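Observations on the model geometry
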Amino acid sequence: MNEQVKLTAKDWASEQEVRWCPGCGDYAILKAVQRTLPELGSDPANTVFVSGIGCSSRFPYYMASYGFHTIHGRACAVATGVKLANPELDVWIITGDGDALSIGGNHTMHLLRRNLDCQLLLFNNEIYGLTKGQYSPTSRVGTRSPSTPFGSVDRPALPASFALGAGARFVARGIDVNKKLPEVLKAAHAHKGAAFVEIFQNCIVYNDDVFGPFTDRKVAAEKQLWLEAGEKMLFAGGEKGIGFDQSTKTLKVVAGDSGEVLVHDPANRAIALLLAEMPADLFPVALGVLYEDPAPTYESAVVEQNRAVSEGKVADLQALLRQGQTWQVTKEPRVE
Amino acid sequence: MVTATQKLTPVEATAADRAEAVVVRFAGDSGDGMQLTGGQFTLSTALAGNDLATFPDFPAEIRAPQGTTFGVSAFQINFGSAAIETAGDAPDVLVAMNPAALKVNVAALKEGGLIIADTGEFSARNLAKAGYDDNPLENDSLARYKVIAFDISARTLEAVKEFGLSNKEALRSKNMWTLGLALWMFDRDRQPVVDWLKAKFAKKPEIAEANIAALNAGHAYGETAEIGGQVRQHHIDPAPAEPGLYRTVTGAESLSIGLVAGAQLAGLPMFFGSYPITPASPLLHHLSRLKQFGITTFQAEDEIAAICSAIGASYAGSLGVTSSSGPGIALKGEAIGLAVMTELPLVIVNSQRGGPSTGLPTKTEQSDLYQAVYGRNGDAPIPVIAARSPADAYDCAIEAVRIAVQYMTPVMLLTDGYIANAAEPWKVPDASSHVPFAVRFAEKDVEPYQRDARGSRPWIKPGTPGLEHRIGGIEKAPVTGHISYTPEHHAQMTEERFAKVRNVADSIPEQDVCLGSTSGRLAMVGWGSTFGPIHQAVRRARKRGMDVSHIHIRHIAPFPKNLGALLKGYDKIIVPEMNAGQLKTMLRDQFLVDARPMNKIAGQPFMIAEIEAAIEEALA
C-alpha cells in the first residue's frame, strides 16, 4: 500500500451489498469503523476482520480488506491462529452477545487472558437476531421471546465484567449510533493487546429500543457517564458525579461540585469493575474506556520464545532423523 | 505398482520362526516403572541388532491404587533374528512385579512359558487386593508354567543400601534390578542403560548410581545365582536387515519428524494447534521441542480452538496442523467442514482409541474410519490416509502434507494408540532424497476460487496487496467466491469440492499386493496398524501352501484407482479390522464386492493366530 494515498471511508467499503434489516444498529457501527480506519492509517492489505456467526458476523463481507467469516463462536480461536502465524497483521474480531458469550464464551475468555493483540468488537443487542428472536445470554430477566414466551428466568451475563474477570487489559463501551464510537475504536486500536469493546447495538426487529432507557436523546445526559482518563467522572451536564462511598465500599452518585467526584484512572481495575456493574436504575451507564492497563501480548511472547530457544540451533532434518541412539547395519540380508 | 509373486519371496523364506523370536512381557504396578524398563530393554535389543516390535499397555489412571488389577501396567516386546511385525501373540517370559500383574497377564503366557515373580510383593494384603485367596506361587495353579520366584525387593534394597536412600526411594530401583536380570537372560549390553541413567539423573548422581547398582546386581544375579537351571541365557542373533543406519522409533516420534519434513518440503512454517488427549498428546510434546524448524505449537483451550487456530494459521500462510483422538475429532467436526468450504490446507491427525464416547482411552482400536471419511454435516469430502506402523507414519505424514497443500484441502491422517506408542527399528530415511513440493502463494491476477488443473483454488495470504477478499463457511459462487445461495452455484461448488478430492487419486500410487498374488482364492485386506498380524498370518499360511494374499490400503479416500479391479480378482475377500466392520462396508459400497468382516473389538491388537485361523476357515 502506497502510504502517500490517503484512503477514505469509501475505500474500506467492499462491493458487497449490505444486507442487514433497515434501521439495524449494525449499519452505524459499519460506518463508524469505515470512517475510523482511514484516520488510523490502516492498510486494507494488512487488515483482517474475523467473525463468528450471527447478524454482526456478516460484517467482514462489507469491508474491503481481508476477511474470514468463520463458524459460530470460534472467531477468537481462528483469529488466534491468524495472529500467531503472522503477527504483522492487524486483526479485528467482530462478534455478538450469543457468539462471544454463549457458544464461544470459552474462546473469548482465553483470548482475553492470553492478551492476543487484536480489537474485539462485541455487538451486544441482548437478543438472537439471525435465528429470529430468541433471548440471549445478555437478555434481562423476564425477556419474552419465542423460546421464553413467559419471560426468561436466568440472570444475564455482563460483557464488561466478564472481560475484566477473564483478565482483559482493555475494556471499553460504546453505542452504535453515538458519535463518540470512533474515539472508542481508536483507543482500542491504540492499545497493544486484546482490546475488548462492548457496543450497545439496537436490534430494530426483535429487541427494539432495549437500550432506550440510557440511549434516548432525552435521557442521554442523565444516564450516560462518558469516562475520560484523568478527568472527573461527571454526567448530567456536570451536575452529578460518581463518588466512592467509604461506608459501603461501593460507588455513589454525588453532586458534581461536591469535591467527592472520582477522577478516572483507567488502570484501576477495582473501580473499573464497580463502574461496569453500576445498577441501571440508580446510576448512569459507564461508557468509553473503563479499563486500560497494558501487559505483554501473547503473540509477542510466543515469537520471542520461538526465537530465543532456536538461537544457535540449526533446522537440520537429517540430524533430527538421526537423533538418539542409532546403529549401522552393514551386511546384506541373507537370502535362502 | 503391483507386485506379483507366486513363489515364496526371500522375505517370506526368512519369516520369523518361533525358535528365533522371543516375546517378553514386563508387568507391574503403574508406579513400578514398567514402561521405562520396557523402553530401555527395547533400546538394548535394537542395539543388539534384533528386529523387534513392542506393545505398551497401560491403565488410564496415572496412579491407580497400588497393587490393584486395574493399576497394572505392562510392556511387551517381541524380538528376534528375523523380520518381526507384531508385538507377539503369547509371551514366552512374563515378569510379574506383584500379584495383580500376575493375575492380569498369566492367561496370555505361552504354555510352558517362564514366570519371574517378586515374592517380596506377594504379601497377604497384595494377594487379597489382586483377588487371590491363595498364593499362586505356593500352590499348583501355575503348574503349566515354569516359575522362578524370589525376593527382588529385598535384593534391590541390598544392592542399593550403601547409597543411604529411604526404603521407598530404594525400592524404586526394583525395575532396574529386573532389567539387569532380563539383559543377562538375553545377553544384552548394559552400557546404553547406564548411559541413559547417568543422563536422566545428571542432577541427582546418587539416584543414578543406585539405579546402576541395582541394574548390575540384577545382571550379576543371573550370572551367579543357582536358580534351578530354569533361567538360562539365550542369545538371539541379529536379524537380517537392509544395510543402513537404524534407530528405534515410536509412531508419535516418526509422525512428528514426518510433519517437520513435510513442512520443509512445502517450504512453510508449521502451526500446530492441539489440546491434550490420550493417546495423541506425545505429538504435541515432540513438536513443542522443535521450534528451530519454524514450528509454533499452541496448546489451545479446547479441541475446537485447536483446529480453528490451525485453520486461522493456514489462512495466514502457515501449514496448519491439528491432532487429537476420536472424541476430540468429533468436536473438531464442524471446523473440518469450514476448512472444506474455505478450501484451506490442514492436516488433522487422529490417533484412534477405543470408543465410543470416552471409551478406552489407553487402548487401541481403529473405529474412527467412518468418522474420518463421512463424519461431517453436508457433503464434505476430504482425503483420508492411514499409517500401518510406527515407521510408516513418517511417510504418511509427508504424504498428508503434500495432499493438503497441493489440493488445498483438510487431510485426515489416521494412526492409533498402538502405532503412537509402540516402537520398532527404523531405517533412517535420507532427507535429501525427498521430492520437494514447494508452495507458491498467489500474488496477483487471480480470483479466490479460480481452479487449477488439480481443481485447487489459489492460496492467497492476507498481507498481499490487491488480492483482498473475504471467505467463510457460507456457500459461494464459483470463481469469485462471493456469497451465493443460488441452486446452480451450490450444485456446482459441491461437485467441484468432490472432484478435487477425487483428483487426489491421480497423484497416489496404484494399490499393490504386499504379499502374494494379484488374484487368487483369498485376499486379506487391511488398513492401519493391523498390518503386522495380517502380514505374518498370510506369510505363515502361504508357507503352508495356501492361496492367500495380503493387500494393505494406505489411501482410504480416495481409494487408489485400480483397487476395485484388483479386488475383483479374488474369490473371497476378508477385511480384518479392530472395529465392527467399517472398511468392509466402504469396499462393498464402492466396488460391489463381497467383502466379509473379521472384527476384533477388544482394545487389543489382533493376534497372528486369530487371523491365521480365519484364513484356514475361508480356504477349507
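Just so it is clear, the model here is predicted, and its values are computed rather than measured.

Parameters at a glance
Residues numbered from 1 in each chain as written. Chains lettered and ligands numbered in written order. Predicted model: local features only at pLDDT ≥ 70, side-chain atom pairs only at ≥ 80, totals over all residues. Heavy atoms only, no water. Core = buried A, V, L, I, M, F, W, Y, C linked by side-chain atoms within 4.5 Å. Buried < 20%, exposed > 50% of the residue type's maximum accessible area, 1.4 Å probe, protein only. Helix = DSSP H or I, 4+ residues; strand = E, 2+ residues; numbered from the N terminus. Contact = heavy atoms within 4.5 Å. Disulfide = S-S within 2.5 Å. Pairing = 2+ DSSP bridges. Axes fitted to C-alpha atoms, helices over the stretch in contact; angles between N-to-C directions. Polar contact = N/O pair within 3.5 Å; in protein donor to acceptor, adjacent residues only side chain to side chain. Salt bridge = Lys/Arg side-chain N within 4 Å of Asp/Glu carboxyl O. Phe/Tyr/Trp six-rings, centres within 6.5 Å; stacked < 30°, edge-to-face > 60°. Lys NZ or Arg CZ within 6 Å of the ring centre and 35° of its normal.

Turning next to the nonpolar core. Among the nonpolar cores identified, the biggest contains 161 residues, and Leu275(A), Met270(B), Val525(B), Ile556(B) and Leu587(B) are the most heavily contacted of them. The greatest single-element share of this core, amounting to 11 residues, is contributed by helix α15 (residues 392–407) of chain B. With residues up to four places along the chain from it excluded, the contact list for Met270(B) reads Leu259(B), Val260(B), Ala263(B), Leu287(B), Gly294(B), Ile295(B), Thr296(B), Leu319(B) and Val321(B).

The next point concerns the state of the cysteines. Under the defined criterion, the tally for this structure stands at 0 disulfides over all chains. You can see Cys308(B) has no disulfide; the closest cysteine sulfur is in Cys76(A), sitting 11 Å from it. Take Cys514(B): it sits in no disulfide, and the sulfur closest to it among the cysteines is that of Cys396(B), at 13 Å. The class for Cys514(B) is partly exposed, based on a relative accessible area of 23%.

Residue and element names in this part refer to chain B. Of all the positions in helix α20 (residues 582–591), only Gln582, Leu583, Lys584, Met586, Leu587 and Phe591 are classed as buried. Looking at the buried residues of α20, the elements they touch are α14 (369–374), β16 (520–526), β18 (555–557), α19 (563–567), β19 (570–577) and β20 (595–599). At the exit of α20 stands Leu592, carrying a positive phi of roughly 50°.

A separate point is the sheet that holds strand β7 (residues 170–175) of chain A. Pairing is mixed in the open sheet, where 9 strands are placed in the order β9(A)-β13(A)-β7(A)-β8(A)-β4(A)-β3(A)-β1(A)-β2(A)-β15(B). Edge positions in the open sheet fall to β9 (224–227) of chain A together with β15 (470–472) of chain B, since each of these has one partner strand only. The sheet shows a mean angle of 20° between the axes of neighbouring strands, direction not considered. Pairing analysis gives 5 bridges linking β7(A) to strand β8 (residues 194–200) of chain A, with the strands arranged parallel. Bridging across to β8(A), Arg173(A) finds its partner in Glu198(A). On the sheet, helix α5 (residues 159–166) of chain A packs against β4 (118–124), β7, β8 and β13 (285–292) of chain A and is oriented at approximately 170° with respect to β8(A). Along the sheet face, helix α6 (residues 181–190) of chain A touches β3 (90–96), β4, β7, β8, β9 and β13 of chain A and points at about 160° away from the line of β7(A).

In this section: the environment of Ser247(A). Residues and elements named next belong to chain A. Of note, Ser247 is situated in the loop between β11 (240–245) and β12 (250–255). Using a relative accessible area of 65% as the deciding quantity, one classes Ser247 as exposed. At 2.6 Å, the side chain of Ser247 and the side chain of Asp245 are in polar contact.

This paragraph deals with the pattern of salt bridges. As enumerated under the stated definition, the model contains 36 salt bridges over all chains in all. The partner of Lys252(A) in a salt bridge is Glu260(A), with the nearest N and O atoms 2.9 Å apart. A relative accessible area of 39% means that Glu260(A) is categorised as partly exposed. Arg544(B) is the salt-bridge partner of Glu612(B), the closest N and O atoms lying 3.0 Å from each other. Placement of the pair is Glu612(B) in helix α21 (residues 608–619) and Arg544(B) in the loop between α18 (531–543) and β17 (548–552), with a sequence separation of 68 residues. Here Glu612(B) falls in the buried class, since its relative accessible area comes to 11%. Through salt bridges with shared partners, a single network forms among Glu343(B), Arg451(B), Glu496(B) and Lys500(B).

Aromatic ring pairs are described here by two measures, namely the spacing of the ring centres and the angle between the planes. A complete count under the given rule lists 25 aromatic pairs over all chains for this structure. With centroids separated by 5.1 Å and ring planes inclined at 80°, the aromatic side chains of Trp20(A) and Tyr62(A) adopt a geometry described as edge-to-face. Taken together, the positions of Trp20(A) in the segment before α1 (25–40) and Tyr62(A) in the loop between β1 (47–51) and β2 (66–69) put the pair 42 residues apart, joining distant regions of the chain. Linked through ring pairs, Trp20(A), Tyr27(A), Phe49(A), Phe59(A), Tyr62(A), Trp92(A) and Phe123(A) together constitute an aromatic cluster. The ring of Phe201(B) has Lys200(B) lying over it, and the distance from NZ or CZ to the ring centre is 5.7 Å. The residue whose ring lies beneath Arg454(B) is Tyr407(B), and the NZ or CZ to ring-centre distance is 5.6 Å.

Before going further, it helps to spend a moment on the side chain of Ser51(A). Residues and elements named next belong to chain A. Position of Ser51 relative to the elements: it lies in strand β1. Ser51 gets classed as buried once you look at its relative accessible area, which sits at 0%. Engagement of the side chain of Ser51 in a polar contact is seen with the backbone oxygen of Ser57, the distance being 2.7 Å. Excluding residues that lie within four positions of it along the chain, Ser51 makes contacts with Ser57, Pro60, Phe68, His69, Thr70, Ala75 and Ile94.

To continue, consider the sheet that holds β18(B). Residue and element names in this part refer to chain B. Taken together, 7 strands build an open sheet; the order of strands is β9-β8-β10-β11-β13-β12-β18 and the sheet is mixed. Strands at the two margins of the open sheet, each flanked by one partner only, are β9 (295–299) and β18. When strand polarity is set aside, the average angle formed by the axes of neighbouring strands in this sheet is 20°. Here 5 bridges tie strand β8 (residues 270–274) to strand β10 (residues 319–324), and the two strands are oriented parallel to one another. Bridging across to β10, Gly273 finds its partner in Thr322.

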